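# Descriptive analysis of the structure
Given next are the chains, with one letter for each unit.
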Amino acid sequence: MLEAGNLKVVGGTALGSLLEGKVCIVTGSARGIGQEIATLFAEEGGQIIVNDAREGAADDWIAESTLKDRLDAMYFDITDPEAVRKNVMAIKKKYGHIDVLVNNAGVEFNELIGMISRPNMEKTFNVNVYGTIEMLQTVSRVMSRNPNGGSIINISSMVGLRGNVGQLVYSATKGAVIALTKSAAKELAPKKIRVNSIAPGLTQTAMMEQADIEKLQGRINNICMGRLAQPRDIAGGCLLLASDYASYISGQILSVDGCTIM
């Protein structure tokens with residue numbers, strides 16, 4: 001291990017301390033944006049609970065990570081109230097406290113009006129809205145016992161703010177996440193719990209790579225910074241809101257979209 005100023009370098013990775021001593025839950029973090037959030041938080045000193053509904057989904061990348069001692073996989077379905085309660089209490093018992101929750105887990109079905117599937121609609125609301133609320137209310141009970149409260153970060157979307165063709169249901173769920181973020185921030189502020197949301201723009205993920213880029217070209221052309229977001233860009237926004245530098249920021253929706261004109 002090498003020391004580099006205020007950074008530690010382990011296995012070629014520069015480690016910081018913005019989240020030193022903080023226990024962080026990141027839902028839906030076996031892959032994509034969630035994995036990048038979990039990794040960055042671990043690099044900054046956090047103890048990270050990597051959550052996914054799929055048993056074993058994160059085992060391989062955690063085993064290969066130089067940060068594996070800071071990454072603890074716990075597999076449970078955030079839409080199951082009993083599973084949420086049981087696992088959150090297990091985290092509290094193991095680590096003594098919970099300081100940060102990132103509600104990242106979500107599903108997306110793109111369907112035009114007239115072609116919207118009721119089962120897909122119910123699944124989208126169940127995960128994106130109800131699951132987020134289950135995690136928020138259960139974790140906030142634990143956070144309320146912390147002297148310094150905690151930080152809850154809900155991942156919404158730019159389509160929740162501005163809408164998009166073919167995403168009526170998805171945008172409705174992300175609009176709900178934005179609304180519940182603002183209400184939760186007001187209700188939990190007296191307990192020193194901050195609640196904010198990150199609204200990503202178009203982001204280069206495995207799901208995005210499977211999309212028809214030609215159909216997205218118009219939206220890409222509207223990004224003033226000239227490129228798609230990378231998962232690390234979204235993770236960086238989450239790191240800001242999770243850190244003590246954001247100790248007076250709550251009820252805010254932070255767009256991470258490269259200055260997109262819509």
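Scroll up to find the structure this text is about.
Below, the structure is looked at part by part. (Residues numbered from 1 in each chain as written. Predicted model: local features only at pLDDT ≥ 70, side-chain atom pairs only at ≥ 80, totals over all residues. Heavy atoms only, no water.)

## Comments concerning the pattern of salt bridges
Short version of the rule: Here, a salt bridge means any side-chain nitrogen of Lys or Arg that lies within 4 Å of a carboxyl oxygen of Asp or Glu. When accessible area is computed with a 1.4 Å probe and restricted to protein chains, residues below 20% of their type maximum are described as buried, those above 50% as exposed, and intermediate ones as partly exposed.
Within the structure shown, the criterion is met by 8 salt bridges. Here arginine 227 and aspartate 233 are joined by a salt bridge, their closest N and O atoms 2.9 Å apart. Of the residues examined, aspartate 233 reaches a relative accessible area of 29% and is grouped as partly exposed. Overlapping salt bridges, with partners in common, bring together Glu36, Glu43 and Arg232 in one network.

## As for the pairing of strand E9 (residues 193-200)
How we decide: Going along the chain from the N terminus, every DSSP run of H or I of four or more residues is numbered as a helix, and every run of E of two or more is numbered as a strand. Two strands make a pair as long as DSSP finds a minimum of two bridges between them.
E9 sits mainly inside the fold: 8 of its 8 residues count as buried. Here E9 shows two buried faces, one formed by Ile193, Val195, Ser197 and Ala199 and the other by Arg194, Asn196, Ile198 and Pro200. Note: strand E8 (residues 150-155) against E9, 6 bridges, orientation parallel. Looking at E9, one finds that glycine 150 is bridged to isoleucine 193.

## Comments concerning the environment of threonine 66
Mapped onto the elements, threonine 66 comes out in the loop between helix H2 (59-64) and strand E6 (71-75). Along the primary structure threonine 66 and glutamate 43 are separated by 23 residues, whereas in three dimensions their C-alpha atoms are 9.6 Å apart.

## A few points about a nonpolar patch on the surface
Our working definition: Exposure above 30% relative accessible area and the absence of a salt bridge qualify a residue for a patch, where like charges join within 9 Å and nonpolar side chains (Val, Leu, Ile, Met, Phe, Trp, Tyr) within 5 Å. Residue exposure ignores everything except the shown protein chains as possible cover, and the areas themselves are Shrake-Rupley values with a 1.4 Å probe.
Residues Leu18, Leu240, Tyr245 and Leu254 make up a contiguous nonpolar surface patch of about 390 Å² in total accessible area. Along the chain, the position of leucine 240 falls in helix H9 (residues 231-242).

## As for helix H6 (residues 168-188)
Just so we agree on the cut-off: Multiplying 1.5 Å by the helix residue count minus one yields the expected span of that helix. Whether two residues touch is decided by their heavy atoms; if any such pair falls within 4.5 Å, the residues are in contact.
With 21 residues, H6 extends 30 Å from end C-alpha to end C-alpha; this agrees with the ideal 30 Å at 1.5 Å per step. What H6 keeps buried is the set Val169, Tyr170, Ser171, Thr173, Lys174, Val177, Ile178, Leu180, Thr181, Ala184, Ala185 and Leu188. Buried residues along H6 sit against helix H4 (118-143), E8, helix H5 (158-162), E9 and strand E10 (253-256).

## As for unusual backbone geometry
We note that lysine 192 has phi near 65 degrees; this positive angle belongs to a residue other than glycine. Summarising the element assignment, lysine 192 is placed in the loop between H6 and E9. Owing to a relative accessible area of 51%, lysine 192 belongs among the exposed residues under this scheme. The backbone of cysteine 259 shows a phi angle near 60 degrees, a positive value even though the residue is not glycine. Looking at the secondary structure, you find cysteine 259 in the segment after E10.

## Some thoughts on the sheet that holds E9
Stated formally: The axes are straight lines fitted to the C-alpha atoms, using for helices just the contacting stretch, and the angles between their N-to-C directions are given from 0 to 180°.
Strand order in the open sheet formed by 7 strands is E6-E5-E4-E7-E8-E9-E10, and the pairing between neighbours is parallel. Across the chains shown, the open sheet's two edge strands, defined by having one partner strand only, are E6 and E10. Ignoring strand direction, the axes of neighbouring strands in this sheet form an average angle of 20 degrees. Across the sheet, helix H1 (residues 32-43) touches strand E4 (23-26), strand E5 (47-52), E6 and strand E7 (100-103), and the angle it forms with E4 is around 170 degrees. Helix-sheet contacts for helix H3 (residues 81-95) involve E4, E5 and E6, and the interaxial angle to E6 is about 155 degrees.

## Remarks on H1
Each α-helix turn comprises 3.6 residues. Residues three or four places apart therefore point the same way. Its 12 residues give H1 an end-to-end C-alpha distance of 17 Å, which sits within 8% of 16 Å, the value for a rise of 1.5 Å per residue. The element H1 is extensively covered by neighbouring structure, given that 9 of its 12 residues are classed as buried. Residues of H1 that are buried include every one of Ile33, Gly34, Ile37, Ala38, Thr39, Leu40, Phe41, Ala42 and Glu43, and no others.

## Digging into the pairing of E4
Worth spelling out the cut-off: If you view a crossover with the strands going away from you and the path from the first strand over the helix to the second runs clockwise, you call it right-handed.
Judged by which residues are buried, E4 turns out to be covered on both faces: Val23 and Ile25 on one side and Cys24 and Val26 on the other are all buried. Note: E4 against E5, 4 bridges, orientation parallel. Paired with isoleucine 25 across the two strands is isoleucine 49, which belongs to E5. The parallel pair E4 and E5 is bridged by H1, and the resulting crossover is right-handed. Here E4 pairs with E7 via 3 bridges, running parallel. Among the inter-strand pairings, valine 26 is bridged to a residue of E7, identified as valine 102.

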